[in-house]
Number of protein chains: 2
Amino acid sequence: MARAWHLKSRPDGMPTAANFELKTLADAPLGEGAIRVRNSWLSVDPYMRGRMNDVKSYVPPFQIDEPMTGGAVGEVIESRSPGFAVGDKVMHMGGWRDEAVVTPDMMPNKLPDIGVPIETWLHSLGLTGATAYFGLLSAARARAGDVVFVSAAAGAVGSAVVQIARARGMTVIGSAGGAAKCAWVKELGAEACIDYKAGPVLKQLQAAAPKGIDVYFDNVGGEHLDAAFACARQEARFAICGMIDAYNDGKPMALRYIMRVISQRIMMKGFIFTDYLPEMAAFHQEMGQWVASGAVQAKTTVRDGLEAAPDAFLGLFSGANTGKMLVRL
Amino acid sequence: MARAWHLKSRPDGMPTAANFELKTLADAPLGEGAIRVRNSWLSVDPYMRGRMNDVKSYVPPFQIDEPMTGGAVGEVIESRSPGFAVGDKVMHMGGWRDEAVVTPDMMPNKLPDIGVPIETWLHSLGLTGATAYFGLLSAARARAGDVVFVSAAAGAVGSAVVQIARARGMTVIGSAGGAAKCAWVKELGAEACIDYKAGPVLKQLQAAAPKGIDVYFDNVGGEHLDAAFACARQEARFAICGMIDAYNDGKPMALRYIMRVISQRIMMKGFIFTDYLPEMAAFHQEMGQWVASGAVQAKTTVRDGLEAAPDAFLGLFSGANTGKMLVRL
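Every chain is numbered on its own, with residues counted from 1 as its sequence reads. Think of it this way: whatever chain is written first is A, whatever ligand is written first is 1, and the rest follow in order. Residue-level local features of this predicted model are given only where pLDDT is at least 70; pairs of side-chain atoms are given and counted only at 80 or more, and the full residue set underlies all totals for whole chains, interfaces and linings. The side-chain values count all of the structure's non-hydrogen atoms but skip hydrogen atoms and water molecules.

A short note on the overall build of chain A
For step 1, the next point in the chain: Along the backbone of chain A there are nine helices and 16 strands.
For step 2, the next point in the chain: Relative to the compact-globule value of 20 Å for 329 residues, chain A shows a C-alpha radius of gyration of 20 Å, a close match.
For step 3, the next point in the chain: Buried, partly exposed and exposed residues are distinguished by accessible area as a fraction of the type maximum, computed with a 1.4 Å probe on protein chains only: under 20%, between the cut-offs, and over 50%, respectively. Taking all 329 residues of chain A together, 57% fall into the buried category.
For step 4, the next point in the chain: In what follows, a contact means two residues having at least one pair of non-hydrogen atoms within 4.5 Å. Taking all contacts inside chain A whose residues are at least 6 apart in sequence as the whole, residues at least 24 apart take part in 65%.
For step 5, the next point in the chain: Entry remark: accessible area of chain A is about 13200 Å², with carbon and sulfur atoms responsible for 52%.
For step 6, the next point in the chain: Neither His nor the chain ends contribute to the count of charged residues, in which Lys and Arg are positive and Asp and Glu negative. For the purpose of locating charges, the reference atoms are NZ of Lys, CZ of Arg, CG of Asp and CD of Glu. Measuring between centres, the 33 positive side-chain charges of chain A sit 6 Å from its 33 negative side-chain charges. Under the DSSP-based scheme used, a helix requires at least four consecutive residues in state H or I and a strand at least two consecutive residues in state E, with every element numbered from the N terminus. Radius of gyration: C-alpha atoms only; globule rule: 2.2 Å multiplied by the number of residues to the exponent 0.38. Here the open area of atoms and residues is found with the Shrake-Rupley method and a 1.4 Å probe, where only the protein chains shown may cover a residue.

Printed below as a string of structure tokens:
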């Protein structure tokens, strides 16, 4: 019997375990065109916090007492779709559950066997990697020689940004919470990594990038974004991927240096990786090579068992993860 | 004997008359390549507030006890430059004074006789008009059919933006302080004009643009910028020209809706009109036609006499001007 996490209540501020409920799904016969998938890995991502609010955004909100959804990989165990056979490995959006009836709107994708562990399709070769790749190279138009600042650089997206930037000949300054994460970010190729828990971001960024930054990849907002405004060079470009600092607190963001957007002619662009779907083939090709060659490596933080999914998700907001947070079933 | 306004002291917050001192200039012999100009009109502009601080920016700061500079037009009364003859009308950067020794670094430009009053070169055909034109059409890439929101729409730049947007087939919503200014903005072709003194900007903008905005031309920052974030449609573009709300108060800007930059994929670009100098010929041609045909009209607020220059400048921060603030000598 399949089970899925349901949204029990909407959080006011930081979500808690009480907002989630694990329930058995009613037996569902497989409709024409659908497949049944036994999930092996689930993805939890910061963007899901927005879906817990009852607000129209780029993805629809989760509904109270309805099963939640998200990225997952697994194996087809029953198929009524001509595109899929039993045994196929697939990536799809029927996550937060152990077994999924996957309809075409959940975007099932058959995974080619390129010799990587299946969960790679949930990080380097999935949403995470595509977000890093298109944000850095398309939204921010970063190029060889640029000085790139990345916040949450030990996170799933941030650590991919660091490595893609290095592979393309940029100088990288990361920011992460704590000495261990910073050490890892430097191992990935960053020239410096700011420990935002050890002191103000701005002073540390000024020291790490005395000549300023050309690109800022924002996962955080708030103090990090403000420091990037303060240190931006002429014609700097900011890709705004996330503002996790602001997801839960509901307070206005206080920016002291935003006026420099004028004097430095800063360009700032919000994006979602799906904006670049037409260029996905280029991403898979270049990123596939980097993953195969080891130029891009991924760390994962793994929680075991479907029961652990809310805890894994909540850990994203307390920095419990290094690299990509995953749930292994 | 020429006189010029000097910077007496740097303001802390809002500038006052005490920061300025009118002094006689020492007699200056004319160097090779220079011209002597009797100024007839002086420009005062919000960007000059930044030059009163001792901060490196896109224009160098004014120096204590040194004469201030700025846009001016006048007539050549002595020339040691082969490009200029006595009697030529010129625009240059030797403002804040009645008579100027203009060296090439002050960018003197001979004014063609196209049948417009000479002060037009300080507003519609000068820095003001170019700022409106390039900000709207190049920085924000506004196009026919867009819904454009303009703050300080009764100001010099804003009123030009309203008219250029109308001439190019856009729908315009302005914001200005007070019923009289709003009435004028609507006369210029805006579909609606928000009176920011009459209530919160956000509620009024939501009512005026129920389907949202495609473009925001920012002269103000703060509450206006935040309302634009709140009302932005997908792929909205913001041209950031000025943030006059923040020039004097030194407080961080509080933005409640900046996170929408991600969900709406907003692009925000800071600019200065000089970024587009290579396209100046196109501006002069199109804007010249609009001025000649009356499609773009300018209101000016005029203060008389060199003595009035600081008062004219300070009036920019209390909304004393409708349209372009000028000093007539």
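Having seen the structure, we can now continue with the description.
What about the relation of the copies chain B and chain A?
For step 1, the next point in the chain: Aligned on chain A, chain B shows an RMSD of 0.0 Å; the corresponding rotation is 180° and the shift along the axis is 0.0 Å. What we have between these two chains is a two-fold relation. Alignment of copies: least-squares fit on C-alpha atoms of residues with pLDDT of at least 70 in both copies.

A short note on the nonpolar core
For step 1, the next point in the chain: Residues grouped as a nonpolar core are buried Ala, Val, Leu, Ile, Met, Phe, Trp, Tyr and Cys residues, joined through side-chain atoms within 4.5 Å. Formed by 111 residues in total, the largest nonpolar core has its most connected members in Leu-225 and Phe-238 of chain A together with Leu-136, Leu-225 and Phe-238 of chain B.
For step 2, the next point in the chain: With seven residues, the top contributor of residues to this core is helix α2 (residues 127–139) of chain B.
For step 3, the next point in the chain: Those residues in contact with Leu-136 of chain B, other than ones at most four positions away along the chain, are Arg-141, Ala-142, Val-148, Val-161, Ile-164, Ala-165, Met-170, Val-215 and Phe-217 of chain B.
For step 4, the next point in the chain: If you look at the next biggest cluster of nonpolar residues, it comprises 49 residues, including Ala-132, Met-170, Leu-188 and Trp-290 of chain A.

Re the interface of chain B and chain A
For step 1, the next point in the chain: Residue-level contacts link 31 residues of chain B with 31 residues of chain A.
For step 2, the next point in the chain: When two parts are brought into contact, each loses some accessible area as probed by a 1.4 Å sphere; the total of that loss over both is the buried area. When chain B packs against chain A, the two sides together hide about 2600 Å² of surface, and 67% of this comes from carbon and sulfur.
For step 3, the next point in the chain: When the buried surface of chain B facing chain A is broken down by residue, Ile-262, Arg-265 and Met-268 of chain B rank first, second and third, together holding 24% of it.
For step 4, the next point in the chain: The rule for a salt bridge is simple: a side-chain nitrogen of Lys or Arg has to be within 4 Å of a carboxyl oxygen of Asp or Glu. At the junction of chain B and chain A, the tally comes to four salt bridges.
For step 5, the next point in the chain: Note that Arg-265 of chain B and Asp-275 of chain A form a salt bridge whose closest N and O atoms lie 2.8 Å from each other.
For step 6, the next point in the chain: Polar contacts, as used here, are pairs of N or O atoms within 3.5 Å; protein pairs need one atom able to donate a hydrogen and one able to accept it. Residues neighboring in sequence count only if both atoms are side-chain atoms. Inspection of the region where chain B meets chain A yields nine residue pairs in polar contact (both at pLDDT 80 or more).
For step 7, the next point in the chain: Of all elements in the fold, only β12 (232–240), β13 (253–255), α7 (260–263) and β14 (267–270) of chain B reach the threshold of two or more residues within the side of chain B that touches chain A.
For step 8, the next point in the chain: The greatest single-element share of the side of chain B that touches chain A, amounting to four residues, is contributed by β14 of chain B.
For step 9, the next point in the chain: Amino acid classes used here: Ala, Val, Leu, Ile, Met, Phe, Trp, Tyr, Cys and Pro are nonpolar; Asp, Glu, Lys and Arg are charged; the rest, including Gly, are polar. A breakdown of the residues in the side of chain B that touches chain A according to their chemical character gives 20 nonpolar, six polar and five charged.
For step 10, the next point in the chain: Strand pairing follows a simple DSSP-based rule, namely that at least 2 bridges must link the two strands. Examined bridge by bridge, strand β14 (residues 267–270) of chain A and β14 of chain B share three bridges and lie antiparallel to one another. In the sheet register, Lys-269 of chain A faces β14 of chain B, and the bridge partner there is Met-267 of chain B.

Considerations on the pattern of salt bridges
Any two side chains of opposite charge can pair if their charged atoms end up close together.
Residue and element names in this part refer to chain A.
For step 1, the next point in the chain: Throughout the structure, instances matching the rule amount to 30 salt bridges over all chains.
For step 2, the next point in the chain: Where Asp-45 meets Lys-324, a salt bridge forms, and the shortest distance between an N and an O atom there is 2.5 Å. With Asp-45 in the loop between β3 (35–43) and α1 (48–51) and Lys-324 in strand β16 (residues 324–328), this pair connects stretches of sequence that are 279 residues apart. Comparing Asp-45 with Lys-324, the two get one shared label, buried.

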